Amino acid sequence: MEVHVCGNFCFGGVPRGAMEVHAVDATLLEDGRTSLKNILDGVQVHGHADAKLKGLGAVAQLQQQSRPTFLLLTGKGIKNIHIWKFQPPLAGEEAIWDCLYDTPTNGNTIHLLAFYRNNDKLWGISQSDTQKLRLWDLSGEETDVDRKKRPPHQDVAHSAGALGIAGGIAICGGDGRYNQCSIVSLDQPKSAYNHTELALPSTGVPTLGRQRRGDLKQVVRVATLVNNSNHALLELDDGSIVHYQAALVGAPKLQILSEETTGIAPLPADFWCRTLCMRDIP
């Protein structure tokens, strides 16, 4: 199950396989109307099923709209990206689910979808296996610009190893990046200098001489805040957790986190996977 919170709405769908997405409207609860005897009476659920809703990956709310309007990116696990528009119902009407685009990406299975807003630009982001990040210009959906058959797009240099999006940066790691990760700027997609290499902090006693395979670590997963590029959590292939923190001056910092400071226990030897997530608490 993949869940995306956007404003007073929560969108849920299965990343692969299922064709149904539900939009949960919690506006009555957010407005503080607590006189309801049953809290579920303050929740409205709008569901829709379509083959092109497979693989929900990201949700963004459009600005400057006369009524609440959301864009959904779907297509995880397949080769085409689908961009949907959702509008909750007005009085006496049905909710609107409209597939705006059905377009191929760059030929391989999609595994990452996200949105990024930079000033007056709204970008959809997709990444297919072994390929660079692709930015889709969706700003026209917030204006009266005529919709094209396919959104304008551009690929981000040095981003083939992207594991997650944090605000205006992509965090890259994975195969071939031993003892280092890379921070790539989404605001300079074509620049040859849009990335910064960072050495991973040591997780044990320093090794003298040539490194053995067991000394080589790589980032396998990241947890990010979609609209915040200041912090991220990186998981290494030995189960260690590293905190990424942007710096006001100079290079970003990477710090190994311990169980004493975070409450996150080390992975047992027979445990093969876990899910990390981050939440900004006001």
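Quick caveat, the model's predicted, so the values are computed rather than measured.

What counts as what
Residues numbered from 1 in each chain as written. Predicted model: local features only at pLDDT ≥ 70, side-chain atom pairs only at ≥ 80, totals over all residues. Heavy atoms only, no water. Helix = DSSP H or I, 4+ residues; strand = E, 2+ residues; numbered from the N terminus. Buried < 20%, exposed > 50% of the residue type's maximum accessible area, 1.4 Å probe, protein only. Contact = heavy atoms within 4.5 Å. Pairing = 2+ DSSP bridges. Axes fitted to C-alpha atoms, helices over the stretch in contact; angles between N-to-C directions. Phe/Tyr/Trp six-rings, centres within 6.5 Å; stacked < 30°, edge-to-face > 60°. Polar contact = N/O pair within 3.5 Å; in protein donor to acceptor, adjacent residues only side chain to side chain. Salt bridge = Lys/Arg side-chain N within 4 Å of Asp/Glu carboxyl O.

Undergrad: It is not clear to me how the overall build of the protein chain should be interpreted in this structure. Could you clarify?
TA: Broken down by element type, the protein chain carries 2 helices and 20 strands. Counting across all 282 residues of the protein chain, residues that qualify as buried make up 42%. Long-range pairs, those at least 24 residues apart, make up 45% of the contacts in the protein chain with a sequence separation of at least 6.

Undergrad: Quick question: what am I supposed to make of the sheet that holds strand 18 (residues 228–236) here?
TA: Backbone-to-backbone hydrogen bonds join strands into a sheet, with any given pair of strands oriented parallel or antiparallel. Taken in spatial order, the 4 strands of this open sheet run 17-18-19-20, and their pairing is antiparallel. Edge positions in the sheet fall to strand 17 (219–225) and strand 20 (253–257), since each of these pairs with one other strand and no more. Averaged over all pairs of adjacent strands, the angle between strand axes in this sheet comes to 25°, irrespective of strand direction. As judged from the 5 bridges shared by strand 18 and strand 19 (residues 241–245), these two strands associate in the antiparallel manner. Looking at strand 19, one finds that leucine 234 is bridged to valine 242.

Undergrad: What am I meant to see in the pairing of strand 3 (residues 20–25) here?
TA: Successive residues of a regular strand alternate their side chains across the two faces of the sheet. Alternating positions in strand 3 separate cleanly, Val21, Ala23 and Asp25 being buried on one face and Glu20, His22 and Val24 remaining unburied on the opposite face. Summarising the sheet, strand 2 (residues 9–13) and strand 3 pair through 5 bridges and their orientation is antiparallel. Within strand 3, the residue paired with phenylalanine 11 across the bridge is alanine 23.

Undergrad: Help me understand the packing of aromatic side chains in this model?
TA: A full pass over the atoms with the stated rule returns 7 aromatic pairs. Plain terms: the ring middles of phenylalanine 9 and phenylalanine 11 are 6.2 Å apart, the flat faces sit at 25° to each other, and that makes the pair stacked. Between the aromatic rings of phenylalanine 86 and tryptophan 97, the centroid separation amounts to 4.5 Å while the plane-to-plane angle is 50°, which identifies the pairing as tilted. Taken together, the positions of phenylalanine 86 in strand 7 (residues 80–87) and tryptophan 97 in strand 8 (residues 96–104) put the pair 11 residues apart, joining distant regions of the chain. Per residue, the accessibility class of phenylalanine 86 equals that of tryptophan 97, and both read buried. One aromatic cluster is present, built from ring pairs that chain together Phe9, Phe11, Phe70, Phe86 and Trp97.

Undergrad: In this structure, what is going on with the environment of histidine 22? I would like to understand it.
TA: Structurally, the position occupied by histidine 22 is in strand 3. Residues histidine 22 and cysteine 10, 12 residues apart in the sequence, show an inter-C-alpha distance of 8.1 Å. For histidine 22, the residues in contact, after removing those within four places along its chain, are Cys10, Phe11, Gly12, Val45, His46 and Gly47. Only 3.2 Å separates the side chain of histidine 22 from the side chain of glutamate 20, close enough to count as a polar contact.

Undergrad: How should I be thinking about the pattern of salt bridges in this particular structure?
TA: Pairs may arise between side chains of opposite charge once their charged atoms sit close together. Summed over all chains, the structure comprises 8 salt bridges. Where lysine 52 meets aspartate 102, a salt bridge forms, and the shortest distance between an N and an O atom there is 3.2 Å. Here aspartate 102 lies in strand 8 and lysine 52 lies in the loop between strand 4 (44–49) and strand 5 (56–61), a separation of 50 residues in the sequence. Put simply, lysine 121 and aspartate 137 hold a salt bridge, and the shortest N to O gap is 2.8 Å. One end of the pair, lysine 121, is in strand 10 (residues 121–128); the other, aspartate 137, is in strand 11 (residues 133–137), with 16 residues separating them in the sequence.

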